[in-house]
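Letter by letter, the chains look like this.
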Amino acid sequence: MGTAEFGIAVRRWRDQTPPDTARYSAGGVRRAPGLRREELALRAGISVDYVTRLEQGRASNPSPPVVESLARALGLSVDERAHLYRLAGLAPPEPGTVPVDIPAAVQRMLDRLVGIPVAVFDASWTLLQANSACMVLLGDTETWRGNERNRVWRHFVAPGSAARYAPEDLAALETALVSDLRAAQARYPDDGRLRRLIGDLRTDSPAFDALWESGAIAGFDTTSKIIDHPVVGEISLDCAVLTVAGCDLRIMIDTAETGSPDATRLALLLDQPNQDR
């Protein structure tokens, strides 16, 4: 299946999705009865530009989280969802694999966290969604492919992390990430993608492999980090990780202390006219 067929299918289903079904007002002048591109993008948690490029066949190889987000936003049936995966050249998720769906109730909550950097990961720490404020800090996450989308991989293997941590915070964070990935493997033993990720990490990162072998167990605590941003300089942020029961998501939220110079720098950064750096 080609990129063009995927885009045609997305456009067709978008045109067939009534605005009131997705909790949008049907008022105003509409050239088509279905969802506008910006409405689909909002529901799917991806940029309007990326939806446009997908529909026009100018973006290739959409990731499983992107396909899953579009299927959810369009309200596709099980069979339609599987067809969309195949059009993207992907195998539909099998039972017993890490879930990648963001329930509508969780999405509504995320949509209201405006002006706060928020990223959503599945249980393997693969990025499912990053809001515009988060992309101001991380860069254009929509260009990331494969292991690039995994936070554990980017921390232990990929060079040039944007964040710096105090030694004690770094040790706690790394232990928590490895511990959480070990727990995910126990919950989803049939997930081949997760097995390959862990194998790649153990091969390519001696630090990860040593922590994996140690069997250390730890949970997440609020972590302080410093982002070296090319526009506003250093920003000190507190990072909290929220786990959503049932759908097994991890929501990472970065905040700066109210009234601090860091909060001012973050606000200035988010006010930049072009946030897609």
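About the cut-offs
Residues numbered from 1 in each chain as written. Predicted model: local features only at pLDDT ≥ 70, side-chain atom pairs only at ≥ 80, totals over all residues. Heavy atoms only, no water. Salt bridge = Lys/Arg side-chain N within 4 Å of Asp/Glu carboxyl O. Helix = DSSP H or I, 4+ residues; strand = E, 2+ residues; numbered from the N terminus. Buried < 20%, exposed > 50% of the residue type's maximum accessible area, 1.4 Å probe, protein only. Expected span 1.5 Å × (residues − 1). Arc of directions from axis to C-beta. Pairing = 2+ DSSP bridges. Contact = heavy atoms within 4.5 Å. Axes fitted to C-alpha atoms, helices over the stretch in contact; angles between N-to-C directions. Polar contact = N/O pair within 3.5 Å; in protein donor to acceptor, adjacent residues only side chain to side chain. Core = buried A, V, L, I, M, F, W, Y, C linked by side-chain atoms within 4.5 Å.

1. Side note on the pattern of salt bridges
On inspection of all chains with the given rule, the structure shows 17 salt bridges. The salt bridge involving Arg193 is made with Asp122; its shortest N-O contact spans 3.2 Å. Separated by 71 residues along the polypeptide, Arg193 in helix α10 (residues 192-204) and Asp122 in the loop between β1 (118-121) and β2 (127-130) bring together distant segments of the chain. Residue classification places Arg193 among the partly exposed positions, given a relative accessible area of 31%. Arg164 is the salt-bridge partner of Glu234, the closest N and O atoms lying 2.8 Å from each other. Residue Glu234 is found in strand β5 (residues 233-244), and its partner Arg164 is found in strand β3 (residues 163-164); the two are separated by 70 residues along the sequence. According to the relative accessible area criterion, Glu234 is partly exposed, its value standing at 44%. You can call Arg164 partly exposed: its relative accessible area is 38%. Several salt bridges converge on common partners, so that one network encompasses Asp180, Arg187, Asp248 and Arg250.

2. Describing helix α1 (residues 3-16)
Between the first and last C-alpha of α1 there are 20 Å, a value that for 14 residues agrees with the 20 Å anticipated at 1.5 Å per step. Among the residues of α1, those classed as buried are Phe6, Gly7, Ala9, Val10, Trp13 and Arg14. Down the axis of α1, the buried side of the element spans an arc of 160 degrees, and every buried residue falls inside it. Residues of α1 that are exposed and angled more than 90 degrees away from the buried face: Ile8 and Gln16.

3. Details of unusual backbone geometry
The phi angle of most residues is negative, glycine excepted, and most peptide bonds adopt the trans form. Phi at Asn61 takes a positive value of approximately 55 degrees, unusual for a residue other than glycine. You can see Asn61 is positioned in the loop between α3 (48-55) and α4 (64-73). In this structure, Asp248 takes a positive phi of about 55 degrees despite not being glycine. Structurally, Asp248 can be placed in the loop between β5 and β6 (249-255).

4. Some words on the sheet that holds β1
Taken together, the six strands give an open sheet; going across it, the order is β2-β1-β6-β5-β4-β3, and neighbouring strands pair in antiparallel fashion. Pairing within the sheet leaves two strands with one partner each, and these edge strands are β2 and β3. Where β5 meets β6, seven bridges bridge the pair, whose relative direction is antiparallel. Pairing of Ala240 across the sheet is with Ile253, part of β6. Each of β4 (223-229) and β5 touches helix α12 (residues 261-270); the most contacted strand, β5, lies at about 85 degrees to it.

5. What about the environment of Asp122?
We classify Asp122 as buried; its relative accessible area is 0%. Along the primary structure Asp122 and Ile102 are separated by 20 residues, whereas in three dimensions their C-alpha atoms are 9.1 Å apart. In terms of polar contacts, Asp122 uses its side chain to reach the backbone amide nitrogen of Thr126, at 3.0 Å.

6. Section: the nonpolar core
Counting 41 residues, the largest nonpolar core has Val152, Leu181, Leu194, Leu201 and Phe208 as its most contacted members. If we ignore the near neighbours within four places in the chain, the residues touching Val152 are Trp125, Leu177, Leu181, Leu201 and Phe208. Grouped together as the second largest cluster of nonpolar side chains are 36 residues, Ile46, Val51, Val66 and Leu76 included.

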